[in-house]
Amino acid sequence: TSLITAEHGTLVSSAFRQETQSLPLTPLTVTVRLKCSTDALLKILYALEERQPALFVDSLTIQSRYRSESARRTPADELEVELDVTAYLDRSGKG
């Protein structure tokens, strides 16, 4: 959330899902829906890439709601974004 608001984006929703696997690395995924500018999205994705532990963007959907100058309801550069971000939790006790 702080990453999104730092770039002047708006968090629309988020939902966690944790897989019930008995593997040493358990995926923990969050689906995030947000509204932001193109520049903000680039900065958010770059910041996710730089995070430790590693985060992986599994799915990314970007929609622009800009239609025409007369029918514009949102700023021209505002995007609606949905992404799944996954981290892997070490359940083996080794890390």
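So, how was this worked out
- Residues numbered from 1 in each chain as written.
- Predicted model: local features only at pLDDT ≥ 70, side-chain atom pairs only at ≥ 80, totals over all residues.
- Heavy atoms only, no water.
- Core = buried A, V, L, I, M, F, W, Y, C linked by side-chain atoms within 4.5 Å.
- Buried < 20%, exposed > 50% of the residue type's maximum accessible area, 1.4 Å probe, protein only.
- Helix = DSSP H or I, 4+ residues; strand = E, 2+ residues; numbered from the N terminus.
- Phe/Tyr/Trp six-rings, centres within 6.5 Å; stacked < 30°, edge-to-face > 60°.
- Polar contact = N/O pair within 3.5 Å; in protein donor to acceptor, adjacent residues only side chain to side chain.
- Contact = heavy atoms within 4.5 Å.

K.L.:
Can you explain the nonpolar core? Please cite residues and give values.
P.N.:
Counting residues in hydrophobic clusters, the biggest one holds 15 residues, and the most contacted among them are Val-32, Leu-34, Cys-36, Ile-44, Leu-48, Val-81 and Leu-83. It is helix 2 (residues 38-50) that provides the largest number of residues to this core, a total of 5 residues.

K.L.:
Go over the packing of aromatic side chains, please, and point to the residues and values.
P.N.:
This model, assessed by the stated rule, comprises 1 aromatic pair. With a centroid separation of 5.8 Å and an interplanar angle of 70°, the aromatic rings of Phe-56 and Tyr-88 are classed as edge-to-face. Of the two residues, Phe-56 sits in strand 3 (residues 56-64) while Tyr-88 sits in strand 4 (residues 78-90), which places them 32 residues apart along the sequence. Given a relative accessible area of 41%, Phe-56 falls into the partly exposed group.

K.L.:
Got a sec to walk through the side chain of Thr-31? Specific residues and values, please.
P.N.:
For Thr-31, the location among the structural elements is in strand 2 (residues 25-37). At a separation of 2.6 Å, a polar atom in the side chain of Thr-31 contacts the side chain of Asp-84. In contact with Thr-31, not counting residues within four places along its chain, are Ser-13, Ser-14, Ala-15, Arg-17, Glu-82, Leu-83 and Asp-84.

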